[in-house]
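Reading the structure
Spelled out, the chains give:
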Amino acid sequence: MGVIAGDGAEAARKVRSGVLAALGANLWWGFLPLLFYFLDAVDPFVVVAARTVCSLVVVGVAILGAGRWQEVRAVLAHGRTAATLLLSAVLLAANWLVYIYAIQSGHVLEGSFGYFINPMVNVAMGMLFLGERQSRGQTAALFLALVAIGIQAIGLGTVPYISLTLALTFGLYGFFRKTVRANSATGLFVETVLLTPVALAYLAYSALTAGGAEFTDLRTALLLLSTGPATAAPLLLFAYAVQRLRLTTVGMFQYIAPSIQFMLAITFFREHLNPVRLVSFVLVWIALMIFSAKSVRQGRQATRP
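Small disclaimer: the values here were computed from a predicted structure and weren't measured.

The rules behind these values
Residues numbered from 1 in each chain as written. Predicted model: local features only at pLDDT ≥ 70, side-chain atom pairs only at ≥ 80, totals over all residues. Heavy atoms only, no water. Helix = DSSP H or I, 4+ residues; strand = E, 2+ residues; numbered from the N terminus. Rg over C-alpha atoms; globule rule 2.2 N^0.38 Å. Core = buried A, V, L, I, M, F, W, Y, C linked by side-chain atoms within 4.5 Å. Buried < 20%, exposed > 50% of the residue type's maximum accessible area, 1.4 Å probe, protein only. pLDDT = per-residue confidence, 0-100. 1 Å grid on protein atoms, 1.4 Å probe; cavity = no way out; pocket = protein on both sides within 12 Å on 5 of 7 lines; lining within 4 Å. Points joined across faces, edges and corners; volume = space filled by probe spheres on them. Nonpolar A, V, L, I, M, F, W, Y, C, P; charged D, E, K, R; others polar.

1. Quick word on the overall build of the protein chain
- Counting secondary structure elements, the protein chain contains 14 helices and zero strands.
- Starting at the N terminus and walking to the C terminus, you meet the elements of the protein chain as α-α-α-α-α-α-α-α-α-α-α-α-α-α.
- A compact globule built from 305 residues would reach a C-alpha radius of gyration of about 19 Å, and the protein chain, at 20 Å, matches this within 12%.
- A principal-axis box enclosing the C-alpha atoms of the protein chain has dimensions of 65 × 55 × 30 Å.

2. Quick notes on the nonpolar core
- If you look at the biggest cluster of nonpolar residues, it comprises 84 residues, and the most contacted ones within it are Trp29, Phe36, Met120, Tyr173 and Phe238.
- Here this core gets 10 residues from one element, more than from any other, and that element is helix H6 (residues 108-129).

3. Considerations on the confidence of the model for the protein chain
- With 92% of its residues at a pLDDT of 70 or more, the protein chain shows a mean pLDDT of 85.
- No element of the protein chain has a lower mean pLDDT than helix H12 (residues 247-253), which averages 72, and none a higher one than helix H5 (residues 79-104), which averages 93.

4. Structural notes on the environment of Met252
- Mapping Met252 onto the fold places it in helix H12.
- The spatial distance from the C-alpha of Met252 to the C-alpha of Ala22 is 9.4 Å, given a sequence separation of 230 residues.

5. So, the layout of surface pockets
- Estimates place the volume of the second largest pocket at around 240 Å³.
- Lining the second largest pocket are Phe45, Val48, Ala49, Thr52, Val90, Ala93, Ala94, Leu97, Leu195, Val198, Ala199 and Tyr202.
- Broken down by secondary-structure element, the contributors of at least two residues to the lining of the second largest pocket are helix H3 (44-66), H5 and helix H9 (184-210).
- When its residues are assigned to classes, the lining of the second largest pocket shows 11 nonpolar, one polar and no charged.

6. Here's the deal with empty space enclosed by the protein
- Applying the stated criterion across every chain, the model contains two cavities of 30 Å³ or more.
- Computed from the structure, the largest cavity encloses a volume of approximately 190 Å³.
- Lining the largest cavity are 18 residues, with Trp29, Asn95, Tyr99, Tyr115 and Phe170 positioned closest to its centre.
- Those elements that provide at least two residues to the lining of the largest cavity are helix H1 (2-31), H5, H6, helix H11 (218-242) and helix H13 (256-267).
- By residue number, the principal contributor to the lining of the largest cavity is H5, which donates four residues.
- Grouping the constituent residues of the lining of the largest cavity by class yields 11 nonpolar, six polar and one charged.
- Within this model, the second largest cavity holds a volume of roughly 40 Å³.

7. Looking at unusual backbone geometry
- Backbone geometry places Arg270, a non-glycine residue, at a positive phi of 55°.
- Here Arg270 is to be found in the loop between H13 and helix H14 (275-303).

Here's what the structure looks like:
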């Protein structure tokens, strides 16, 4: 009985720490557009490249402090794990690039919508690939999200490519990070190691062809350097959370960041929200509320003696 009780307490601690990590990551991501707003004059590819290199330094310090170099070597030596992290790294870089482009081009609302539907993408992946079952209400929530995407397309007059790309790339990233055998810090470090050669090559190319003015201006250079900790911290929290929570549970927290981004889009960035697009957002909010309510009810039922 003591072993069972101890195991239950340890599982509860893992869930609590995962919840706090998921909450912290999404609050951080909610306000992240403000940083990239002040880098709007910098080529998005340069921002992603600088973000990668600076993140490598930050996570490398964390790995050094935690004494995890042996884990890094083991991950890199394991071909399948390294290949999975390479794939997740490419997905992450693509997500960063589209996200920065959305902010710099005045599409913060569309980016926000992409992260609103991302939890539904997580749910769908959990159902398709991990065998996670959903109730009828949660299935209805998925259907509402699909309707919202169609309405968003009507409001934009085109397919919401930015939204769909953000949702799919980050949904797939979360899936691969959940299934890979590497802890949060080690996995993120290996990802940035794998991306850094390409990032450095592009920075060198940009400096040779465009002069590298962004690094000679002190304010811009400092902002670029700050992308390292601003990127690494929430990603470490997110990777920590997905290893301790169900993908569907992680999905519940992922409406926090786009809610903050939505408010920033219509207040700070002054983007126009037409009635049709507002309807699509409302439908997604309803879908998220339905899914969250059902998930909470299921969690309470599962913990009853």
